[in-house]
Amino acid sequence: MNRLLAPFSLLYGIILALRNYAFDYGFLKSKSFDIPVISVGNLSVGGTGKSPMIEYLIELLSEEYVVGVVSRGYGRQTKEMIQVSAEHSAQDVGDEPLQFKRKFPELYVVVCADRVKAIESLKECCEVVLLDDAFQHRYVNPAINILLTTYEGSYHLDWILPLGRLREWRNGARRADIVVTTKCPRKLDHTLVQRRQYELQLKENQIHYASTIDYEKYCISAKEQKPIKSFLTMPFTLVTGIANSDAMVQELEMQRANFKHFAYSDHHNFTSLELKKISQEKLILTTEKDYQRLGQSLDKNDIYYWPIKMKFLHQTQEAFDCEILRRVAKHRTLFS
């Protein structure tokens, strides 16, 4: 850690603290909505598992409600508000919103930097709205505020940018209704989960859960679905443009896969030279998010993605589901 960055972190932290003060005391206004709005976000930059959480909530809530998702559409080359269709490109709407729409065709997905405006556009057609990566977007007052933090990179051990990776001070976590420690080891002992909950110093009314990443037993290309065990018998090239690919690399190494790795930055916009280099590889495995860009750009059938999903530890899934459904129903009752 470069201590020379500490003054810059302090200055940035003061600015953030003043902004939060302005919202806390009403100098800046947060808008509430009649329909339940669920915000999913984090304190740190980088991947904390927001997309798997959003997809989990879509599957949970779509059984009872018409669901919409609002995203900024990070990495897109457009600026206006767009209602996403499966025919859009990642350059139009961003890779994650496109992934949501293609995976859940009945879902309403809107990309817009102004979340208030986007929610207003969905009020007439949706019964619940999910906000992707909006913990710091305080112009919206969500019905449920879900904060994600990874097990290895927990916010309670981190510092404000640029000295660390936090977008705001640690005490911003107090705004969360639910805190989920993500990307935990799959066999994490329950006592260690309890220890982490204690270390996070949560308030009495905050609820903590622990989750891990579960890899599907198959991978998918434009033409087929292949069991991952048969795929891994062949040498291949892993291509990732996500914040942290360590978990995927470790999973492949654990399964003794024979691969080389082309690693790029999060939401990376591949250049023509990079695409040419990648296209020369015989067999390619990538993430579902990266596939939204690579699948269209390369137009090849030998590019596969490996789906993931979020899994709660220690049989707490039912408790989490009940808590979300209870809060959504309560909000709808209050404004019905």
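Structure: above.
Treat the numbers as computed from the prediction; the structure is a model and nothing was measured. Throughout, residues of each chain are indexed from 1 in the direction in which the sequence is written. Thresholds applied to this predicted model are a pLDDT of at least 70 for local features of residues and 80 or more for the giving and counting of side-chain atom pairs; totals over whole chains, interfaces and linings are not thresholded and use all residues. Only hydrogens and water are removed before side-chain values are computed, so all heavy atoms of the structure are retained for them.

## Remarks on a positive patch on the surface
Okay, so step 1: On the surface, a cluster of positive charge is contributed by Lys217, Lys229, Lys309 and Lys311.
Okay, so step 2: Numbered from the N terminus, helices here are DSSP runs of H or I no shorter than four residues, and strands are runs of E no shorter than two. Within the secondary structure, Lys229 is located in helix α7 (residues 228-231).
Okay, so step 3: We call a residue buried when its accessible area falls under 20% of the maximum for its residue type, exposed when it is over 50%, and partly exposed in between, using a 1.4 Å probe and counting protein chains only. On the basis of relative accessible area, Lys229 is assigned to the exposed category, the value being 70%. Residues enter a patch when their relative accessible area is above 30% and they make no salt bridge; the linking distance is 9 Å between like charges and 5 Å between nonpolar side chains (Val, Leu, Ile, Met, Phe, Trp, Tyr). Accessible surface is estimated by sampling points in the Shrake-Rupley manner with a 1.4 Å probe; for residues, cover comes only from the protein chains shown. The salt bridge criterion pairs a side-chain nitrogen of Lys or Arg with a carboxyl oxygen of Asp or Glu, the two atoms within 4 Å. When charges are counted, Lys and Arg are positive and Asp and Glu negative, with His and the chain ends excluded. A charge is said to be at NZ when it belongs to Lys, at CZ for Arg, at CG for Asp and at CD for Glu.

## Thoughts on a nonpolar patch on the surface
Okay, so step 1: A contiguous nonpolar patch, built from Leu10, Ile14, Leu18 and Trp169 and spanning about 380 Å² of accessible area, is present on the exposed surface.
Okay, so step 2: Relative to the assigned elements, Trp169 resides in the loop between β6 (144-150) and β7 (178-182).

## Points about the side chain of Ser154
Okay, so step 1: Tracing the backbone through its elements, the reader meets Ser154 in the loop between β6 and β7.
Okay, so step 2: Judged by its relative accessible area of 1%, Ser154 is buried.
Okay, so step 3: The contact criterion used is simple: two residues touch if any of their non-hydrogen atoms lie within 4.5 Å. Excluding its chain neighbours within four sequence positions, the residues that come into contact with Ser154 are Thr149, Arg196 and Leu200.

## Considerations on the side chain of Gln292
Okay, so step 1: Mapping Gln292 onto the fold places it in helix α10 (residues 288-298).
Okay, so step 2: When its relative accessible area of 4% is taken as the criterion, Gln292 is described as buried.
Okay, so step 3: Pairs of N or O atoms within 3.5 Å make up the polar contacts considered here, provided that, within protein, one atom can donate a hydrogen while the other can accept it, and that residues adjacent in sequence are counted only when both atoms are side-chain atoms. Among the polar contacts made by the side chain of Gln292, one reaches the main-chain carbonyl oxygen of Glu288 at a distance of 2.9 Å.
Okay, so step 4: In contact with Gln292, not counting residues within four places along its chain, are Ala90, Asp95, Leu98, Gln99 and Arg102.

## Topic: the pattern of salt bridges
Okay, so step 1: This model, assessed by the stated rule, comprises 19 salt bridges.
Okay, so step 2: Its salt-bridge partner being Lys289, residue Glu96 comes within 3.5 Å of it at the nearest N-O pair. A residue pair is termed long-range when its members are at least 10 positions apart, and Glu96 in helix α4 (residues 95-103) and Lys289 in helix α10 qualify at 193 residues.
Okay, so step 3: The class of Lys289 is buried, set by a relative accessible area of 11%.
Okay, so step 4: Ionic pairing is found between Asp290 and Arg293, a salt bridge with its closest N-O pair at 2.5 Å.

## Let's talk about empty space enclosed by the protein
Okay, so step 1: Definitions used for this entry: grid spacing 1 Å over protein atoms alone; cavity, a set of points where a 1.4 Å probe fits but cannot get out; pocket, an open set with protein on both sides within 12 Å along at least 5 of 7 lines; lining residue, one with an atom within 4 Å of a point. Grid points are joined across faces, edges and corners, and a volume is the space filled by probe spheres set on the points. According to the stated counting rule, one finds one cavity of 30 Å³ or more in the structure shown.
Okay, so step 2: Of the volumes computed, that of the largest cavity is approximately 40 Å³.
Okay, so step 3: Taken together, Tyr74, Gly75, Ala90, Gly94, Asp95, His267, Asn269 and Arg293 make up the lining of the largest cavity.
Okay, so step 4: Gly falls in the polar group here, along with every residue not listed as nonpolar (Ala, Val, Leu, Ile, Met, Phe, Trp, Tyr, Cys, Pro) or charged (Asp, Glu, Lys, Arg). Among the residues forming the lining of the largest cavity, the class breakdown is two nonpolar, four polar and two charged.

## Focus on the sheet that holds strand β3 (residues 82-83)
Okay, so step 1: When DSSP locates at least two bridges between a pair of strands, those strands are taken to pair. Spatially, β3-β4-β2-β5-β1-β6-β7-β8-β15 is the arrangement adopted by the nine strands of the open sheet, whose pairing is mixed. Each edge of the open sheet carries a strand with a single partner, namely β3 and β15 (308-312).
Okay, so step 2: Where β3 and strand β4 (residues 108-111) come together, two bridges link them in antiparallel fashion. Within β4, the position partnered with Gln83 by the bridge is Val110.

## Concerning the nonpolar core
Soluble globular proteins tend to bury their nonpolar side chains together.
Okay, so step 1: In plain words, nonpolar cores are sets of buried Ala, Val, Leu, Ile, Met, Phe, Trp, Tyr and Cys residues tied together by side-chain atoms within 4.5 Å. In terms of nonpolar packing, the biggest core is built from 35 residues, with Ile146, Phe320 and Ile324 touching the most fellow members.
Okay, so step 2: Considering every element that reaches this core, the biggest residue donor is helix α2 (residues 50-61), with seven residues.
Okay, so step 3: In this structure, Cys219, Leu252, Leu283 and Trp306 belong to the second largest nonpolar core, which totals 17 residues.

## Regarding the layout of surface pockets
Okay, so step 1: Here the second largest pocket is characterised by a volume of approximately 360 Å³.
Okay, so step 2: In terms of lining residues, the second largest pocket is bounded by 21 residues, among which Tyr56, Glu59, Glu216, Lys309 and Met310 are the most central.
Okay, so step 3: Elements with a contribution of two residues or more to the lining of the second largest pocket: α2, β9 (218-220), β15 and α11 (317-334).
Okay, so step 4: Across the lining of the second largest pocket, the residue classes tally to eleven nonpolar, one polar and nine charged.

## A closer look at α10
Given 3.6 residues per turn, any residue in an α-helix points the same way as the ones three and four places further on.
Okay, so step 1: Across the eleven residues of α10, nine count as buried, placing the element largely inside the fold.
Okay, so step 2: Along α10, the residues that are buried comprise Glu288, Lys289, Asp290, Tyr291, Gln292, Arg293, Leu294, Gly295 and Leu298.
Okay, so step 3: Turning to α10, the residues buried within the fold contact α3 (90-93), α4, β11 (236-240), α9 (272-279), β13 (284-286) and β14 (303-305).

## Quick look at the pairing of β11
Okay, so step 1: When you tally the buried positions in β11, you get five out of five residues, the bulk of the element.
Okay, so step 2: As paired strands, β11 and strand β12 (residues 259-263) are joined by five bridges and run parallel to one another. The residue of β12 that forms the bridge with Thr237 is Lys260.
Okay, so step 3: As paired elements, β11 and β13 share three bridges and run parallel to each other. From the neighbouring strand, Leu238 faces β13, where its bridge partner is Leu285.

## A closer look at unusual backbone geometry
Generally, phi is negative for residues other than glycine and the peptide bonds are trans, each holding for most cases.
Okay, so step 1: Cis geometry marks the peptide bond from Leu161 to Pro162, where omega comes out at 0°.
Okay, so step 2: Along the polypeptide, Pro162 turns up in the loop between β6 and β7.
Okay, so step 3: At Lys183, a residue that is not glycine, the phi angle is positive and equals roughly 55°.
Okay, so step 4: Tracing the backbone shows Lys183 in the loop between β7 and α6 (190-199).
Okay, so step 5: Within the chain, Arg256 stands out as a residue other than glycine whose phi angle is a positive 60°.
Okay, so step 6: Within the fold, Arg256 resides in the loop between α8 (246-254) and β12.

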